[in-house]
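# Topology and contacts: notes
One-letter residues, chain by chain:
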Amino acid sequence: MTEHTPKKLFIKTYGCQMNVYDSDRMADALAPHGYEPTHDMADADLVVLNTCHIREKASEKVFSELGRLRDLREERRASGHELMIGVAGCVAQAEGDEIVRRAPAVDLVFGPQSYHRLPELIARAHNGAKVVDTDFPQEDKFEHLPAAKREVTLARGLTAFLTVQEGCDKFCSFCVVPYTRGTEVSRPVEQVLREARNLADAGVRELTLLGQNVNAYHGLDVRGRTVGLGELCYRLSLIPGIARIRYTTSHPLDMTDELIEAHRDLDALMPYLHLPIQSGSDRILKAMNRRHSRADYMSVIERIMAARPDMALSGDFIVGFPGETDADFEETLQVARDVGYASAYTFRYSIRPGTPGAGMPDQVAEPVKAERLARLNALITTQMRDFGISVVGRILPVLIEKAGRMPGQVGGRSPYLQAVHMEGSTRLIGQIVPVEIVAAGNNSLTGKIVTDVEPNSASVIESQAMATHI
Ligand code: SAM
Ligand code: SF4
């Protein structure tokens, strides 16, 4: 490690889990160069906004934050301190130079494929250059990104994100991802396993594998064989300490038999699946270039439920895509009723420049989108509440993640990603314990630990296998 005067780093993360993962990787890349994280933006020497371009609102937020940062920089200068401002992520990738033109206070702009070069980019910016780096380089950034120190991983918690795949080749007509994140790339199997082992060694118990299209994963193993997400999950489940695996976000067309069988056979693979459909109308799905029909989606769900009957489903919906009529929207409500989601993310269509949807006729008026969104949200809220109520009285294996808000309480998650609060000792943090669910609130469950288990007891893991099949 190189010796440097400590500097303070503040990263503000917008958007999806992949950005949360990337922000941690940026912090890891800068740690050997003397940058320590701070929670106070006003105290920072370097502020990075890790941005999201998926909807207009998300990218506009970045420019208002940059206005505030310009003022902060003036204040810092008045007291003799410098502040460097960087913009990373998908807005950086999509807008490039335009960001420096609109916000001249910005010193560096860099896309998601340049994070490993961050120390070098900062050095160039220190020399007074405005740095814009939005290339898709040939080298593998993951090979160049340093692993976090054990204590840093520990401080981040018992659950960790792990990006296994980036980019997307699907080109849904509303979506910027294929343009901002580029073509689909899967990380090699051994690289993923190495990162997972490091996380497990530091105490991580649950992995969430990430990818814009994660179930399209097709990494090469050491023998040059292509491995799909199902097999990757098997291999990850063999790592001592890794008790739970999740993955997000999936495309219905990439739910392979192998992956569905992994859900049947692997206790570590959690019975909660985020599988967006976007619309219930075949006409709109076609215009969205989703390449699947409503019936295709329902048959994927049927296959999954046959393999894992207790699977809880989550999804994404877009309302007000160009050309969507009241009748199309009714079909969306119907598909949501037919599936019965445990949770779902709902969005009003946002025009993204450069995507085919932006140029389509029959754009839907904003008040119509708002009204449809409110109706869909009301349905999803009811379904989420019903799902919470449906587990009351059951005994679920809960991974205890942290101390609760009240003394003597702990908090954790059920296999279905529900937050559970209960009385219990903080000695249980990191353990999976059987918990009787006694009440369901709006956003969390209240539980009662059935058997208080000694930390490190092997029976804890056995109880997980038992209880997930209740
Ligand atoms: N790859 C995932 C899939 O195919 O379902 C989705 C990834 S995208 C980052 C997350 C969600 O944002 C999408 O599922 C979609 O519902 C929503 N989204 C993407 N573009 C949008 C747009 N232009 N307007 C509104 N919502 C959008
Ligand atoms: Fe975007 Fe997902 Fe469609 Fe890819 S599959 S274009 S990430 S919505």
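Scroll up a little and you will see the structure.
In this report, we go over the structure that sits alongside the text. (Residues numbered from 1 in each chain as written. Chains lettered and ligands numbered in written order. Predicted model: local features only at pLDDT ≥ 70, side-chain atom pairs only at ≥ 80, totals over all residues. Heavy atoms only, no water.)

### Describing the site of ligand 1
Neighbouring residues of ligand 1: 15 residues in total, closest F174, Q212, Q278, D316 and S350. Between ligand 1 and Q212 there is a distance of 2.6 Å, counted from a nitrogen atom to a backbone nitrogen or oxygen. Contact with the protein chains hides 89% of the accessible area of ligand 1, taken as 560 Å² for the molecule alone. At the level of secondary structure, the elements contributing two or more residues to the shell around ligand 1 comprise β15 (312–319) and β16 (343–348). Classifying every residue of the shell around ligand 1 gives 6 nonpolar, 4 polar and 5 charged. (Near = heavy atom within 4 Å. Polar contact = N/O pair within 3.5 Å; in protein donor to acceptor, adjacent residues only side chain to side chain. Areas by Shrake-Rupley, 256 points an atom, 1.4 Å probe, with all protein chains shown as cover. Helix = DSSP H or I, 4+ residues; strand = E, 2+ residues; numbered from the N terminus. Nonpolar A, V, L, I, M, F, W, Y, C, P; charged D, E, K, R; others polar.)

### A word on the side chain of S237
Along the polypeptide, S237 turns up in helix α10 (residues 229–237). A distance of 2.6 Å separates the side chain of S237 from the backbone oxygen of Y234, its partner in a polar contact. Ignoring any residue separated from it by four or fewer positions in sequence, one finds S237 in contact with I242, I245, L266 and A268. (Contact = heavy atoms within 4.5 Å.)

### A closer look at the packing of α10 against helix α11 (residues 257–265)
As a packed pair, α10 and α11 sit with axes 7 Å apart at the nearest point and diverge in direction by 35°. In contact with L229, G230, E231 and Y234 of α10, α11 contributes E258, L259, E261, A262 and D265. Looking at the contact of α10 with α11, its residues break down into 4 nonpolar, 1 polar and 4 charged. (Axes fitted to C-alpha atoms, helices over the stretch in contact; angles between N-to-C directions.)

### A look at the nonpolar core
Grouped together as the largest cluster of nonpolar side chains are 53 residues, with contacts concentrated most on L209, L232, L236 and Y341. Among the nonpolar cores identified, the runner-up in size contains 24 residues, and M41, A44, A58 and V62 belong to it. (Core = buried A, V, L, I, M, F, W, Y, C linked by side-chain atoms within 4.5 Å. Buried < 20%, exposed > 50% of the residue type's maximum accessible area, 1.4 Å probe, protein only.)

### Description of the packing of aromatic side chains
Under the definition given, this model contains 6 aromatic pairs. For the pair F171 and Y179, a centre-to-centre distance of 5.5 Å together with 80° between the ring planes defines the contact as edge-to-face. Pairing F387 with Y416 gives two aromatic rings, centres 5.6 Å apart and planes at 90°, and the pair type is edge-to-face. Placement of the pair is F387 in helix α15 (residues 366–390) and Y416 in the loop between β18 (409–413) and β19 (419–423), with a sequence separation of 29 residues. Here F387 and Y416 have matching classes, each one buried. Positioned above the aromatic ring of Y21, the side-chain terminus of R25 is 4.6 Å from the ring centre. One Lys or Arg, R187, reaches over the ring of F142 and ends 3.8 Å from the middle of that ring. (Phe/Tyr/Trp six-rings, centres within 6.5 Å; stacked < 30°, edge-to-face > 60°. Lys NZ or Arg CZ within 6 Å of the ring centre and 35° of its normal.)

### Observations regarding the sheet that holds strand β20 (residues 432–440)
The 5 strands lie next to each other as β17-β18-β19-β21-β20, forming a closed barrel whose pairing is mixed. Adjacent strand axes in the sheet meet at a mean angle of 50° when their direction is disregarded. By the bridge criterion, 5 bridges tie strand β17 (residues 395–403) to β20 in an arrangement that is antiparallel. Among the inter-strand pairings, P397 is bridged to a residue of β20, identified as P434. (Pairing = 2+ DSSP bridges.)

### Quick notes on the pattern of salt bridges
Enumeration over the complete set of coordinates arrives at 37 salt bridges. In this structure, K170 and D254 form a salt bridge, with 2.7 Å as the shortest nitrogen-oxygen distance. Residue K170 is located in the loop between β8 (165–166) and α8 (177–180), and its partner D254 is located in the loop between β13 (244–248) and α11; the two are separated by 84 residues in the primary sequence. Assigned by exposure class, K170 and D254 land together as buried. Through salt bridges with shared partners, a single ionic network connects D221, R223, R225, E231 and R235. (Salt bridge = Lys/Arg side-chain N within 4 Å of Asp/Glu carboxyl O.)

### A few points about the site of ligand 2
Taken together, the neighbourhood of ligand 2 is formed by C168, K170, F171, C172, F174, C175, V177, P178, H251 and R290. Tallied by class, the residues present in the shell around ligand 2 amount to 7 nonpolar, 1 polar and 2 charged.

### Here's the deal with the sheet that holds strand β7 (residues 159–163)
Pairing is parallel in the open sheet, where 3 strands are placed in the order β7-β10-β13. The open sheet terminates on both sides in strands that have one partner only, identified here as β7 and β13. Between one strand axis and the next, the sheet turns by 25° as a mean value, whatever way the strands run. Two strands pair when backbone bridges link them, and β7 and strand β10 (residues 206–210) are joined in this way by 5 bridges, in the parallel orientation. Across the sheet, A160 pairs through a bridge with L207, a residue of β10. Running at roughly 95° to β7, helix α1 (residues 17–30) makes contact with β7, β10 and β13 of the sheet.

### Overview of helix α5 (residues 118–126)
Among the residues of α5, L118, P119, L121, I122 and A125 are the ones counted as buried. Considered in projection along α5, the buried side chains sweep an arc of 160° and stay on one side of the axis. The secondary structure elements touched by the buried residues of α5 are α1, β2 (35–37), β3 (46–51), β4 (84–88), β5 (108–110) and β6 (131–133). G128 lies just past α5 and shows a positive phi near 100°. (Arc of directions from axis to C-beta.)

### Quick look at the packing of α11 against helix α13 (residues 294–307)
Between α11 and α13, whose axes approach to 8 Å, the crossing angle comes to 30°. Remark: the crossing between α11 and α13 carries right-handed chirality. Here D257, I260 and R264 of α11 lie close against α13, whose contacting residues are R303, I304 and A307. Class assignment for the residues of the contact of α11 with α13 results in 3 nonpolar, no polar and 3 charged. (Left-handed = near helix turned anticlockwise from the far one by under 90°.)

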